[in-house]
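Letter by letter, the chains look like this.
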Amino acid sequence: MGKLTVQIEEAGYEGRSRVISDIAFTVGEGELVGLIGPNGAGKSTTIKAVLGLLKDVKGKVEFPGGSPNYAYIPEHPVLYDELTLWEHLRLAASAFGLDDATFEARATELLERFRLTGAKHDLPTGFSKGMQQKLMLIIGFIHEPELYIVDEPFIGLDPRAIKEFLDMLDSERKRGAGVLMSTHVLDTAERICSSFLLVNEGKLIASGEMQDIRAKCGLPGASLFDCFHALT
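Here's what I pulled together on the structure shown here. Here the structure is a predicted model, which is why all the values come from computation and not from measurement.

## Details of unusual backbone geometry
Moving on, step 1. The phi angle at Arg115 is positive, at roughly 55 degrees, despite the residue not being glycine.
Moving on, step 2. Mapping Arg115 onto the fold places it in the loop between helix H3 (100–113) and helix H4 (129–141).
Moving on, step 3. A positive phi angle, near 45 degrees, is found at Glu152, a position not held by glycine.
Moving on, step 4. Mapped onto the secondary structure, Glu152 falls in the loop between strand E6 (147–151) and helix H5 (159–175).

Set out below in structure tokens:
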């Protein structure tokens, strides 16, 4: 499936053109790369730069296979007031070009997996935060992309939903999909991520596997939590 290659010289917003700088990394087939950093460190700006949502970005972003076949799962659910859960899924499937049979099969399986079958004809705007987040996960998983870009996925999810989400990510990685995931849940990140990007004050201050992060902060055997606080 190829890999995501990111080389950002600088990126930002109008009036703040250099929020992040010198950010470079790759996400290969089957990799789960954790994007870690304190609030205001530049994680969201990095994701927006990768997604092409910033007007002025100096650098280069190359998607797997040369085309942006990815799923973006946002931190805050994006919903349409007058569409039911099922209509949200059908709209997403149409945008992704899924045929009806494939859509029906995948949607039904994912609804059962995340225990939302009984709410398929309800309006998600009235759902709990956790149910809305599950819908975002289902929309992300439904077309089996080459790359997942996930922003703080654990907020609002109960332990059962977190397990289902992690199981799905594991299956997708075995299929060859790469994952870039921003999260503050450091104990889970340490357990599931294959490598890490630690961002602070708009710069990449450490990257690599856990042993590389420990070596960078000079704490052999330390947890990601301890390394995070030592480096930031």
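Anyway, onward from the coordinates.
## Quick look at the nonpolar core
Moving on, step 1. Ranked by size, the top nonpolar core spans 51 residues in total, and within it Leu89, Phe103, Phe114, Phe141, Phe165, Met181 and Phe196 carry the most contacts.
Moving on, step 2. Considering each element in turn, this core owes the most residues, 6 residues, to H4.
Moving on, step 3. For Phe165, the residues in contact, after removing those within four places along its chain, are Phe114, Leu137, Phe141, Val150, Pro153, Phe154 and Met181.
Moving on, step 4. The next biggest cluster of nonpolar side chains, apart from the first, holds 23 residues, and it includes Phe25, Val27, Leu35 and Ile47.

## Some remarks on the pairing of strand E3 (residues 32–36)
Moving on, step 1. The buried fraction of E3 is high, at 5 of 5 residues.
Moving on, step 2. Here E3 shows no split at all, with Leu32, Gly34 and Ile36 on one side and Val33 and Leu35 on the other all buried.
Moving on, step 3. When E3 meets strand E7 (residues 178–182), the two strands line up parallel, connected through 4 bridges. Looking at the pairing, Leu35 lines up with Ser182 of E7.
Moving on, step 4. Pairing of E3 with strand E8 (residues 195–200) involves 4 bridges; the strand directions are parallel. Directly across from Val33, in E8, lies its bridge partner Ser195.

## A word on the packing of aromatic side chains
Moving on, step 1. Enumeration according to the criterion identifies 5 aromatic pairs in this entry.
Moving on, step 2. Pairing Phe141 with Tyr148 gives two aromatic rings, centres 5.4 Å apart and planes at 55 degrees, and the pair type is tilted. In this structure, Phe141 and Tyr148 share a single accessibility class: buried.
Moving on, step 3. Both rings, one in Phe141 and one in Phe165, keep their centres 6.2 Å apart while their planes meet at 50 degrees; by these two values the pair is tilted.

Criteria and cut-off values
Residues numbered from 1 in each chain as written. Predicted model: local features only at pLDDT ≥ 70, side-chain atom pairs only at ≥ 80, totals over all residues. Heavy atoms only, no water. Helix = DSSP H or I, 4+ residues; strand = E, 2+ residues; numbered from the N terminus. Core = buried A, V, L, I, M, F, W, Y, C linked by side-chain atoms within 4.5 Å. Buried < 20%, exposed > 50% of the residue type's maximum accessible area, 1.4 Å probe, protein only. Contact = heavy atoms within 4.5 Å. Pairing = 2+ DSSP bridges. Phe/Tyr/Trp six-rings, centres within 6.5 Å; stacked < 30°, edge-to-face > 60°.

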